[in-house]
Amino acid sequence: MIDQTLPNKHMTLNDRFYIERCLSEGIPLYKIAKALGKDTTTISKEIKRHRITDGRYRIDSNDCIFYKKCKIQKLCLECNTMKRCATCKKHDCRKDCVKYASGACMTTERAPYVCNGCNDAFECVKPHYFYRANYAYDNYISTLTNSRKGVNCSPESLYEIDSLISPLLKQGQSLSQIYATHGEDIPISRRTLYTYLDNCLFTARNIDLPRKVKYKPRKKKRTSSNIDYSYKQGRSYKDFEKYIAENPETSIVEMDSVVGPQKTGKVMLTMFFRNCSLMLIFLMKADTQACVSEIFDMLTEKLGLELFQKLFPVILTDNGSEFKNPDALENTADGASRTKIFYCDPLASWQKGRIEKNHEYIRYIIPKGTPLTHYTQRDITKMMNHINGVPRLSLNNRSPYELASFLLDEALFKALRIKKVHSDKIILKPELLRN
């Protein structure tokens, strides 16, 4: 089961698609909640809040099991008709009748509250409810935006404020003066008063303010950059080029990270061997320096310090915050040197363009915008093996795996479970990780 993401985060469209798919497969709500890192009540409220009916039945229709045969009349004292109470459109007999017994389907009355995974949905004659991700997301966005639009003040209250401040403004008084005198009678802040005046919600206008029209809008001051570049001292791209010129036989590994749509939770750390195009992919809990250091320590422990130094003598990466602790990456916990870290120039991803290009294979299987919370390292390793099995024209129609088997130590393959995938069995679509 996947790890939980950070709490109190709004659900995305992908999360809602995941809920819809799980409901169709009959997966319990608690498992859906655990997969998305949410509370079970959050999932149940999401479903009940955004479920829709199929249109064949009214939500408020009489669902009493005695509806067709019931002959009770005149439950209401003021009733002067001879109609059955069950057919009355003015009053709800269900509230007054002691014989009322609900015939609603238990699937919609309790979890999962919808008919998505019901095998009898098309034959059932009871009201149907369904959860649709697109509708739920559109409804959520509408609620989110509408709650932040308009005026947070009733028309009556707005009229009272206008009646108080507009005559005083036209007498030449400022809003500050009015607020100082009548602040207790004004239910909004001074800043909100200026906003309402700018939006022409009062009889008075900006032209009635004594000094407002004399001033131009203030320009925001530029703040000086406080970014610390000390970590790049001796590790810039120019230093990298100089080092490679002095050591031309050195093997180069490019390193990068692939994040999900929310930029929180799980991310992928990728390493690309330039000499054979083999790509390693590791799943991290978060995009932090500590998680990257854990991957380096794990590799050092599994491969041994000497083999790590041989396989990763030089690593070229970007200026992501997760890589800005080079001392922890270059050295082991006891201070032994294991690699050299160099950084590309800002906004120059082409300096490590081969790994950037290789990320396209990842996006074939995990499309951009897909959260990584549902995947495990086993899934990522499976994807890695399929990507490394693709023959490349740049490798003379050989796959990275085939070339790496000659150039890299076999211990790396055993430690990371790198296996050969037959070319006819390679899958580069999302279906690979759904099996």
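Residues numbered from 1 in each chain as written. Predicted model: local features only at pLDDT ≥ 70, side-chain atom pairs only at ≥ 80, totals over all residues. Heavy atoms only, no water.

Asker: I would appreciate a short explanation of the packing of aromatic side chains in the present structure.
Answerer: Aromatic ring pairs are reported here in terms of the distance separating the ring centres and the angle at which the planes meet. Scanning all chains against the criterion turns up 11 aromatic pairs. A centroid spacing of 4.8 Å and a plane angle of 35 degrees characterise the contact between F308 and F312, whose relative ring orientation is tilted. The burial state of F308 is the same as that of F312; both residues are buried. Their ring planes at 80 degrees and their centres at 5.8 Å tell us that Y361 and Y364 sit as a pair that is edge-to-face. One end of the pair is Y361 and the other is Y364, both in helix 14 (residues 353–365) and 3 residues apart, which spans about a single turn. (Phe/Tyr/Trp six-rings, centres within 6.5 Å; stacked < 30°, edge-to-face > 60°. Buried < 20%, exposed > 50% of the residue type's maximum accessible area, 1.4 Å probe, protein only. Helix = DSSP H or I, 4+ residues; strand = E, 2+ residues; numbered from the N terminus.)

Asker: Mind showing me how you'd approach the sheet that holds strand 5 (residues 279–284) here?
Answerer: One open sheet holds the 5 strands; their spatial order is 5-4-3-6-7, and the pairing between them is mixed. Unpaired on one side and paired on the other, strand 5 and strand 7 (340–343) mark the two borders of the sheet. Pairs of neighbouring strands in the sheet enclose a mean axial angle of 25 degrees, with direction left out of account. Pairing geometry for strand 3 (residues 252–258) and strand 6 (residues 314–317), over 3 bridges, is parallel. Bridge assignment links V253 to a residue of strand 6, and that residue is I315. (Pairing = 2+ DSSP bridges. Axes fitted to C-alpha atoms, helices over the stretch in contact; angles between N-to-C directions.)

Asker: When you look at the environment of P371 in this model, what are you seeing that I'm missing?
Answerer: Within the element layout of this structure, P371 appears in the loop between helix 14 and helix 15 (377–388). Using a relative accessible area of 9% as the deciding quantity, one classes P371 as buried. Considering only alpha carbons, one finds P371 and N14, 357 residues apart in sequence, at a separation of 7.3 Å. The residues touching P371, leaving out its near neighbours within four places in the chain, are N14, D15 and P261. (Contact = heavy atoms within 4.5 Å.)

So yeah, pure geometry; function would need other evidence.
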